[in-house]
Amino acid sequence: QVQLVESGGGLVQPGGSLRLSCAVSGASGFVFSRYTMKWYRQAPGKERELVAAITGVTLTPNYADSVKGRFTISRDNAKNTVFLQMNSLKPEDTAMYYCYAVHSTSRAAYWGQGTQVTVSS
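About the cut-offs
- Residues numbered from 1 in each chain as written.
- Predicted model: local features only at pLDDT ≥ 70, side-chain atom pairs only at ≥ 80, totals over all residues.
- Heavy atoms only, no water.
- Core = buried A, V, L, I, M, F, W, Y, C linked by side-chain atoms within 4.5 Å.
- Buried < 20%, exposed > 50% of the residue type's maximum accessible area, 1.4 Å probe, protein only.
- Helix = DSSP H or I, 4+ residues; strand = E, 2+ residues; numbered from the N terminus.
- Pairing = 2+ DSSP bridges.
- Phe/Tyr/Trp six-rings, centres within 6.5 Å; stacked < 30°, edge-to-face > 60°.
- Lys NZ or Arg CZ within 6 Å of the ring centre and 35° of its normal.
- Polar contact = N/O pair within 3.5 Å; in protein donor to acceptor, adjacent residues only side chain to side chain.
- Salt bridge = Lys/Arg side-chain N within 4 Å of Asp/Glu carboxyl O.

With respect to the nonpolar core
- If you look at the biggest cluster of nonpolar residues, it comprises 31 residues, and the most contacted ones within it are Leu4, Met37, Trp39, Leu84, Met86 and Tyr97.
- When residues of this core are traced back to their parent elements, those giving at least two are strand E1 (2-7), strand E3 (18-26), strand E4 (35-42), strand E5 (49-54), strand E7 (71-76), strand E8 (81-86), strand E9 (95-103) and strand E11 (115-119).

Description of unusual backbone geometry
- One non-glycine residue, Leu59, lies in positive phi territory at about 60°.
- On the secondary structure map, Leu59 appears in the loop between E5 and strand E6 (61-63).
- The residue Arg107 is not glycine, and still its phi comes out positive at about 65°.
- With respect to the secondary-structure elements, Arg107 resides in the loop between E9 and strand E10 (109-111).
- Classification of Arg107 by relative accessible area gives exposed; the value is 52%.

Brief notes about the pairing of E1
- The two faces of E1 differ: Val2, Leu4 and Glu6 on one face are buried, but Gln3, Val5 and Ser7 on the other face are not.
- Bridge count for E1 against E3 is 6 bridges, and the pairing is antiparallel. Within E3, the position partnered with Ser7 by the bridge is Ser21.

With respect to the pairing of E7
- Alternating residues of E7 divide into Phe71, Ile73 and Arg75, all buried, and Thr72, Ser74 and Asp76, none buried.
- With 6 bridges joining them, E7 and E8 adopt antiparallel strand pairing. Pairing of Phe71 across the sheet is with Met86, part of E8.
- With antiparallel pairing between neighbouring strands as the criterion, E7 and E8 make up a hairpin whose turn holds 4 residues, including Asn80 at a positive phi of roughly 55°.

Section: the packing of aromatic side chains
- All chains considered together, the criterion is met by 6 aromatic pairs.
- With centroids separated by 6.2 Å and ring planes inclined at 90°, the aromatic side chains of Tyr98 and Trp111 adopt a geometry described as edge-to-face. Of this pair, Tyr98 sits in strand E9 while Trp111 sits in strand E10, and the two are 13 residues apart along the sequence.
- Judged by relative accessible area, which is 39%, Trp111 ranks as partly exposed.
- Taken together, the aromatic side chains of Tyr40, Tyr98, Tyr100 and Trp111 make up a single cluster linked through ring pairs.
- Between the NZ or CZ atom of Arg19 and the centre of the ring of Phe83, over which it lies, the distance is 3.9 Å.

Description of the environment of Lys68
- Its place among the elements puts Lys68 in the loop between E6 and E7.
- Separated by 16 residues in the primary sequence, Lys68 and Ala52 have C-alpha atoms spaced 9.1 Å apart.
- Reaching out from Lys68, the side chain makes a polar contact with the side chain of Asp65 at a distance of 3.2 Å.

Some remarks on the pattern of salt bridges
- On inspection of all chains with the given rule, the structure shows 4 salt bridges.
- For the salt bridge of Arg41 with Glu49, the shortest nitrogen-to-oxygen distance reads 2.6 Å.
- Glu49 sits in the partly exposed class, given a relative accessible area of 34%.
- Across the pair Asp93 and Arg70 runs a salt bridge, and its minimum N-O distance is 2.7 Å. In this pair, Asp93 sits in the loop between E8 and E9 while Arg70 sits in the loop between E6 and E7, placing the two residues 23 residues apart along the sequence.
- On the basis of relative accessible area, Asp93 is assigned to the buried category, the value being 1%.
- On the accessibility criterion, Arg70 (11% relative accessible area) is buried.
- Overlapping salt bridges, with partners in common, bring together Arg41, Glu49, Arg70 and Asp93 in one network.

In structure tokens form, the structure reads like this:
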């Protein structure tokens, strides 16, 4: 079993920044770099949407059009952690942010419990 724990959410004013972290752990044999890591978000009354993703070895990032140029996804494979740096935040970025791990071959997938981000003046 793989566990994901997000942190770093909070209340920020428009134009501000937040950095989300997701610490990942697993049983014996767990290899973090074998997982593609993703950040999703879900606002009240809306469907969950993919925000950003990063592969395990090549560290190739991908972003939703709505966050390109403002958000940066990164990972530290030595510390089993993925990050989402969010700059120039807008009220429409307000949502619960979820970390997601998917194994590159088995496709086994796991969710974190989420961290709330609220952008408001």
